[in-house]
Amino acid sequence: MDALRSHRAELGVVGGFAAAPEIEAEPLVEEQIVVVGAPGLGGRWMSRRDAEAATWISPYQGSATQAAVEAAWADIGITPSHRLELPNWESVKLAVARGNGVAGCSQFTVAGELRAGTLGVIRLRGWKVRRMISIVRHREAALTPSAREFVAMLQARWHRPSVRRRREPGS
């Protein structure tokens, strides 16, 4: 967001966007945040007691995904007793795959690991965490042709027409 405000970046793709008057956000796709664990835990149900006793592994402080996970804990009434913060998502996924704990992750972040069977989705009663992924840009900055193409590629991938490209009635 700082890079957009200072015009060092033309656009960004973010989840959990906090509104700002100078930043324009265009919804792109809704994602699900899933609880993942070691492969052998995939498909199993985790009780509230087990969820509170588990080590919850997360990335750096300030992660929008982690904020969504913490809100979900409050919504379902759990207070994890053990937490481990690691520097990035790759280290989180590796630690979870090795059985060191569980994590709340974007379905997009763990899609490859779920397909490969190195992580498994754990079921937790009441866990229904979704958020919008948006394209953000500074309201006053025009996009370069390459940035416009990148936005069009993202929209085509997620089958979402651009808000700015809607047809006017009668055109």
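Scroll up to find the structure this text is about.
Read on for an overview of the structure.

Thresholds, definitions, all that
- Residues numbered from 1 in each chain as written.
- Predicted model: local features only at pLDDT ≥ 70, side-chain atom pairs only at ≥ 80, totals over all residues.
- Heavy atoms only, no water.
- Buried < 20%, exposed > 50% of the residue type's maximum accessible area, 1.4 Å probe, protein only.
- Helix = DSSP H or I, 4+ residues; strand = E, 2+ residues; numbered from the N terminus.
- Pairing = 2+ DSSP bridges.
- Arc of directions from axis to C-beta.
- Contact = heavy atoms within 4.5 Å.
- Polar contact = N/O pair within 3.5 Å; in protein donor to acceptor, adjacent residues only side chain to side chain.
- Phe/Tyr/Trp six-rings, centres within 6.5 Å; stacked < 30°, edge-to-face > 60°.
- Lys NZ or Arg CZ within 6 Å of the ring centre and 35° of its normal.

1. Here we look at the pairing of strand 8 (residues 129-138)
Now for step 1: Counting buried positions over the ten residues of strand 8 gives eight, a clear majority of the element.
Now for step 2: Two strands pair when backbone bridges link them, and strand 1 (residues 11-15) and strand 8 are joined in this way by five bridges, in the antiparallel orientation. If you follow Leu11 over to strand 8, its bridge partner there is Arg137.
Now for step 3: As paired strands, strand 2 (residues 23-37) and strand 8 are joined by ten bridges and run antiparallel to one another. Looking at the pairing, Glu24 lines up with Arg137 of strand 8.

2. Observations regarding helix 4 (residues 89-97)
Along an α-helix, residues three or four positions apart point the same way, because every turn accommodates 3.6 residues.
Now for step 1: Within helix 4, the full set of buried residues consists of Trp89, Val92, Lys93, Ala95 and Val96. Viewed end-on, helix 4 has its buried residues packed into an arc of 165 degrees, placing them on one side of the element.
Now for step 2: If you follow the buried residues of helix 4, they end up packed against strand 2, strand 4 (55-58), helix 3 (64-76), strand 6 (103-106) and helix 5 (111-116).
Now for step 3: Here helix 4 starts with a cap whose side-chain oxygen sits 3.2 Å from the backbone nitrogen of Glu90, and that cap is Asn88.
Now for step 4: Of the residues one or two after helix 4, Gly99 is the one with positive phi, at around 85 degrees.

3. A look at the packing of aromatic side chains
Now for step 1: Following the criterion strictly, the structure yields three aromatic pairs and no others.
Now for step 2: A ring pair is formed by Phe108 and Trp158, whose centres lie 5.1 Å apart and whose planes are at 55 degrees; its orientation type is tilted. One end of the pair, Phe108, is in the loop between strand 6 and helix 5; the other, Trp158, is in the segment after helix 6 (145-157), and 50 residues separate them in sequence.
Now for step 3: The exposure class of Phe108 is partly exposed, given its relative accessible area of 35%.
Now for step 4: Judged by relative accessible area, which is 25%, Trp158 ranks as partly exposed.
Now for step 5: The ring of Trp45 carries the charged tip of Arg125 above its face, separated from the ring centre by 4.6 Å.

On their own, these measurements won't tell you what the molecule is for.
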